[in-house]
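# Structural overview
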Amino acid sequence: MISLSGLTKEFPGGVRAIDSLDLEIGDGEFFALLGPSGCGKTTLLRTIAGLETPTSGNIGIGGADVTGLPPGRRDVAMVFQDYALFPHMDVTSNIAYPLRIKKVSRARREAKAAETASRLSLSELLARRPAQLSGGQQQRVALARAIASRPQVFLFDEPLSNLDARLRLEARTFLKRLQRELAVTTVFVTHDQGEALALADRIAVMNAGRITQVGTPSEVFHRPADPFVAGFIGSTPMNLLPASAEGGELHVAGAVLPLPRDIADGPLLYGLRPEYADLSQSALIGRRDAFSGKVAVVENLGTAHLVTLESGDLLIQVVVPEGDEPAIGASAWAVPRPGRALLYRDDRLLTGA
Amino acid sequence: MTRHALATIGRATFLAVVLGFFSLPLLWLASAPFDAHPSITTSLPEFTFGNFRSLLDNPYVMSSLRNSLLQAAGSAALVVVLAALAAYALSRVRVPGRDALLYVLLLLSSVVTGTAAMVPLFELATRLNLIDTHLGVILTLSGGLLPAAIFILKDFMDGTPTSYEESARVFGASPLQILRHIVIPLVRPGLATIAVWAVANVWGSFLQPFILLRDPDKSPGAVILYTLYTEGGAPRLDLISTFSLLYSLPVVVMYVFVSRRYGFRFHGGIKR
Ligand SMILES: Nc1ncnc2c1ncn2[C@@H]1O[C@H](COP(=O)(O)OP(=O)(O)O)[C@@H](O)[C@H]1O
Ligand SMILES: [Mg+2]
């Protein structure tokens, strides 16, 4: 278990990379720190590892306060973004390095390294140097080295970002299975929302040194706590449109929609994922609950198309199934599916609409 | 066509002249020691080993080579150890004004072992009872070499990512273990470069040992070479050439060995 309370890290020069952050990560959890580049993810991970000293706040691991402990005594293993495999050691020595520090005898640590390597299908590569390995193999050696140290906590900094796209998907599945088997508390950092949704048991979305939302992938995807998270999560960006509540009705981009109960009149932000609207190319006579516009852009997503409608000076995006894509410049109507939209006021989620 | 040929001939001639300019002295060094009557020109030798015999009759010759070896090895060891530690610290710890400090040191180093500071250095060595000791020579020469050595090694250390060391730290390695297991193996070519450079420098140093050592028993080769003159002051070319050959061999052997072993390269001292 990891618990952070009031954790702040300010770099000399005044950059607040982490800003009074509170977080609890449970035993055996696969936990993602998700956020745009520069939001402080790496700094947070390094602070947990002990490589950075927090300006204030506390870090607890497994119930003990480790804030003042050096990295080597925190019982964590970290996989760096560049893997940091020792270039002058072969795969065996790299994997066995944590055991060498623990003064395990050479024979025993080489046996352990071979055992760990075979688990990650690295047995053929034991005599190679890191420079003779592919990116995917290097990543597995780095994982094997972390596993060999038998820590209480794994810390992974963007473990998949150095792999090419194809390999990344394989490595993702592999990593998830491995974590399940080992059942060791794991914190990993990523800027890729798809990766976080796919891998994590829970996600913390970070922005500018703060955590904006913590939740399961499904919670974060379906009920983003604020417009930032709403815009960040999802493979296609969510439509975020200015709206207003007037006399029990919701006015958005020329459409009039039913207003959920308990919402006071006034300005709102209306959020709708492009997947949760249907496109109609025939005029919808007498219906006010559709956004009308002209097709400006059609992007091929493989099994679907992302259509961008121009409605006045607003842009509305809709995902349409294969074969249904409209012609550029044609008039079209986007119909939101009921119960799928989100309403924000003052950057807080009110409810679904 | 003719222009092209002329250019080629011109280039070849130029290279031949340059090559001759540099190789003739080496040729002399290879032939004169075996010549019964060497002169300052290179000629086919009248073959003899007699020069070596008469050289070895000089009681200081072999001991001077031993002294050179001692002083060079001592200085190189001192320079490598101190420069490695200083460069590591300077590369990894943020010290305000670090770069300015390095440049000032580098600037001063030419003064410290240079002629300008010889009088105060002599004075200092006298007060510290370091006159006529190998240690005095080693300390003085090392002091002059250290700034440049630190400068070059810091560049090597800057070139190795800190994530290797951080990774080892997370696994619990102590600073000394990190130095031994990670940093030193990674900058080994740099250390070899510095060691060779220090040995070559000390090997060729004349002024400092000449002034700091009175006892010819402790003088290195460079100083003994200076004594190989007749009473009349004429250079004894037979002895000088023979001694020069003996004197340069260890350095050549060292270059070949270290280059084989560590594959170091001088790229102006900067690797990559
Ligand atoms: N050693 C450092 N010194 C000063 N500022 C830093 C340092 N490391 C990171 N920062 C700053 O802290 C912020 C967060 O960086 P980082 O944690 O690397 O972000 P992320 O990993 O999310 O991309 C950035 O603005 C970055 O410039
Ligand atoms: Mg980062």
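In the annotation of an unreviewed UniProt entry, chain B is listed under the name Cyclodextrin transporter permease and assigned to Planotetraspora mira. Quoted straight from UniProt, the Sequence similarities (unreviewed entry) entry for chain B says "Belongs to the binding-protein-dependent transport system permease family." Among the UniProt annotations of chain B, the heading Subcellular location (unreviewed entry) holds the following wording: "Cell membrane".

Within an unreviewed UniProt entry, the label attached to chain A reads Sugar ABC transporter ATP-binding protein, and the organism entered is Planotetraspora mira.

## Considering the interface of chain B and chain A
At the junction of the two partners, chain B supplies 15 residues and chain A supplies 24 residues. In total, chain B and chain A occlude about 1700 Å² of area from one another, counting both sides; carbon and sulfur atoms represent 66% of this. On the chain B side of the contact with chain A, V170(B), F171(B) and H181(B) bury the most area, a combined 41% of that side's loss. Linking chain B with chain A are 1 salt bridge.

## A look at the site of ligand 1
All names here are of chain A. In the vicinity of ligand 1, the contacting residues are F11, V15, A17, P36, S37, G38, C39, G40, K41, T42 and T43. Residue C39 places a main-chain N or O atom 3.2 Å away from an oxygen atom belonging to ligand 1. Interatomic distance of 2.6 Å between a side-chain N/O atom of T42 and an oxygen atom of ligand 1. Considering ligand 1 on its own, with 560 Å² of exposed area, one finds that the protein chains cover 59% of that surface. Per-element accounting of the shell around ligand 1 gives the leading share, 3 residues, to helix α1 (residues 41-49). Taken together, the residues of the shell around ligand 1 sort by class into 5 nonpolar, 5 polar and 1 charged.

## Looking at the sheet that holds strand β7 (residues 153-157) of chain A
Residues and elements named next belong to chain A. The strand order β6-β7-β8-β3-β9-β10 describes an open sheet built from 6 strands, whose pairing is mixed. For this open sheet the edge positions go to β6 (76-79) and β10 (210-215), each flanked by a neighbour on one side alone. Recorded for the sheet is a direction-independent mean angle of 20° between the axes of neighbouring strands. In terms of strand pairing, β6 meets β7 through 4 bridges, oriented parallel. Bridge pairing in β7 links V76 to V153. Along the sheet face, helix α5 (residues 165-182) touches β3 (30-34), β7 and β8 (185-190) and points at about 135° away from the line of β3.

## Quick look at the UniProt feature "transmembrane region" (unreviewed entry) in chain B
Residues and elements named next belong to chain B. Residues annotated in UniProt with the feature "transmembrane region" (unreviewed entry) correspond here to residues 12-30, 69-90, 102-122, 134-153, 190-211 and 239-258. Within the segment residues 12-30, helix and strand shares are 100% and 0% respectively, and the terminal C-alpha atoms sit 25 Å apart. Strand forms 0% of residues 239-258 and helix 100%; the C-alpha atoms that close the span are 30 Å apart.

## Remarks on the packing of helix α2 (residues 91-101) of chain A against helix α4 (residues 135-148) of chain A
All names here are of chain A. Relative orientation of the contacting elements α2 and α4 amounts to 25°, with a least axis distance of 7 Å. Accordingly, the angle class assigned to the pair α2 and α4 is roughly parallel. Remark: the crossing between α2 and α4 carries right-handed chirality. Here α2 contributes V91, N94, I95, P98 and L99 to the contact with α4, which in turn contributes V141, A144, R145 and A148. Across the contact of α2 with α4, the residue classes break down as 7 nonpolar, 1 polar and 1 charged.

## Overview of the environment of I316(A)
Checked against the element boundaries, I316(A) lands in strand β18 (residues 314-321). Along the chain, I316(A) and G6(A) lie 310 residues apart, while their C-alpha atoms are 40 Å from each other.

What counts and how
Residues numbered from 1 in each chain as written. Chains lettered and ligands numbered in written order. Predicted model: local features only at pLDDT ≥ 70, side-chain atom pairs only at ≥ 80, totals over all residues. Heavy atoms only, no water. UniProt positions renumbered as here; feature names shortened; annotations may be inferred. Contact = heavy atoms within 4.5 Å. Buried area = accessible area lost by both parts, 1.4 Å probe. Salt bridge = Lys/Arg side-chain N within 4 Å of Asp/Glu carboxyl O. Near = heavy atom within 4 Å. Polar contact = N/O pair within 3.5 Å; in protein donor to acceptor, adjacent residues only side chain to side chain. Areas by Shrake-Rupley, 256 points an atom, 1.4 Å probe, with all protein chains shown as cover. Helix = DSSP H or I, 4+ residues; strand = E, 2+ residues; numbered from the N terminus. Nonpolar A, V, L, I, M, F, W, Y, C, P; charged D, E, K, R; others polar. Pairing = 2+ DSSP bridges. Axes fitted to C-alpha atoms, helices over the stretch in contact; angles between N-to-C directions. Parallel < 35°, antiparallel > 145°, perpendicular 65-115°, else oblique. Left-handed = near helix turned anticlockwise from the far one by under 90°.

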